[in-house]
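These are the residues of each chain, in order.
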Amino acid sequence: MKTMSEKPEQMPDNVTDRPLVTFALFAYNQEQYIREAVEGAFAQIYEPLEIILSDDCSSDRTYEIMQEMAAAYDGPHDVRVRRNKENLGFSDHINAVVKEARGIFIVWAAGDDVSLSTRVKYLVKPFSSNPRLVGTYSDIREIDTAGVPTGKIRRKDKQVGSPTIINAIERRFAINTQSHCFRKNMMEQFPPLNSDLTYEEPCMTVRELLTGCVEHVPKITVNYRVGSGVSTYQGKDIDRIKRTEPAKVAEWRRSSSQQIFDDLQFFAPNNYKSEKENLKKKISGAARLREINLRSLMIRYALQNLHERIYVRETIRAFIRRNSPVLIFVIFKKIFSISKLMHKER
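Predicted, not measured: the structure shown is a model, and the values here were computed from it.

### Some thoughts on the packing of aromatic side chains
Part 1 of the argument: Scanning the model with the defined rule gives six aromatic pairs in all.
Part 2 of the argument: Look at phenylalanine 42 and tyrosine 73: their rings are 4.3 Å apart centre to centre, the planes differ by 35°, and that puts the pair in the tilted class. Taken as a pair, phenylalanine 42 in helix H1 (residues 34-42) and tyrosine 73 in the loop between helix H2 (62-72) and strand S3 (78-83) lie far apart in primary sequence, 31 residues in all. For the pair formed by phenylalanine 42 and tyrosine 73, the shared burial category is buried.
Part 3 of the argument: An aromatic cluster of three or more residues is present, and its members are Phe26, Trp108 and Phe182.
Part 4 of the argument: Across from the ring centre of tyrosine 46, 5.9 Å away, lies the NZ or CZ of arginine 18, which sits over that ring.
Part 5 of the argument: The side chain of lysine 219 reaches across the aromatic face of tyrosine 122, ending 4.9 Å from its centre.

### Looking at the pattern of salt bridges
Pairing is possible between side chains that carry opposite charge, provided their charged atoms lie close to one another.
Part 1 of the argument: Following the criterion strictly, the structure yields 18 salt bridges and no others.
Part 2 of the argument: For arginine 80, the salt bridge is made with glutamate 50, and the minimal N-O distance between the two is 2.8 Å. Taken together, the residues arginine 80 in strand S3 and glutamate 50 in strand S2 (residues 49-55) connect sequence positions 30 residues apart.
Part 3 of the argument: Taking the relative accessible area as the measure of exposure, arginine 80 reaches 27% and is therefore partly exposed.
Part 4 of the argument: The partner of aspartate 139 in a salt bridge is arginine 155, with the nearest N and O atoms 3.8 Å apart. Within this pair, whereas aspartate 139 is found in strand S6 (residues 133-143), its partner arginine 155 is found in the loop between strand S7 (149-154) and helix H5 (165-169), the two being separated by 16 residues in sequence.
Part 5 of the argument: A relative accessible area of 5% places aspartate 139 in the buried class.
Part 6 of the argument: Each of Glu50, Asp78, Arg80, Arg82, Glu100 and Arg102 takes part in one network of salt bridges that share partners.

Each value, and the rule that gives it
- Residues numbered from 1 in each chain as written.
- Predicted model: local features only at pLDDT ≥ 70, side-chain atom pairs only at ≥ 80, totals over all residues.
- Heavy atoms only, no water.
- Phe/Tyr/Trp six-rings, centres within 6.5 Å; stacked < 30°, edge-to-face > 60°.
- Helix = DSSP H or I, 4+ residues; strand = E, 2+ residues; numbered from the N terminus.
- Buried < 20%, exposed > 50% of the residue type's maximum accessible area, 1.4 Å probe, protein only.
- Lys NZ or Arg CZ within 6 Å of the ring centre and 35° of its normal.
- Salt bridge = Lys/Arg side-chain N within 4 Å of Asp/Glu carboxyl O.

The structure is reproduced here in structure tokens:
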């Protein structure tokens, strides 16, 4: 595995004056797309750069592919490959990697997205002129599962609300976490993200505005894949997922509202009292909605199972009516023998 030189005289001009940045690539069962994601990380023109390729205990070849690519890498960046001993899930995976990161700034990426080579350069540059800046984010280009641009560019420079803490709490403003860079010490001012967090965008926005300010970079820095992983639930698919999986959407809202409430309580215990009360109501409402939808789902599955059982019963009756008793006896005897054999093999 190749790493960047530790000798300043071997580095390009001015590299030693720049802050170390960690590029964290998070992956889980994404063998189909991981090569493109890793190539995007390796292609970054910013130096000095630490690249962490992190796998959340995938069951496919995602981790092996990352290992192979890291071993073959012959570039200037410091590359590390890591794997969780067990599947930690979305937020605990982030917690683990952030803790290990050595960079002053962290840029994170998903294992199915592709970062442009100038991503880190553009996102880090604004920090040099604004000491209050905690996070930057850019525009993103949508691509489909084959990597073909859909024609849609996601911009967040014009939103309903301005980048204030109140607008972030009320979800009138949010950063693009898919094209994101933030100070590591911002995360160190809070406890680890909640283990059940499933939607980080509003939470990261609130954390950054509690500790400083954010800035939009008017550049496209990421090709954001839709139709794979969590990205399936973006854009127009949100309406579909609200209809087909309302319990999941309710859990997104509950877990993100709980995270924002916990962060406000920790960082500003005596402030934002009315916002905290509103968050409590949202948490309670989302939890109730989730339970209602889960019960509805259980009833739906039960009715579906009942329908299938009735169908099987009627099919057997029709078979019996149309065939001789001897043939039926032979068939069921054969089925019983196969079933016994399978049970013994277990």
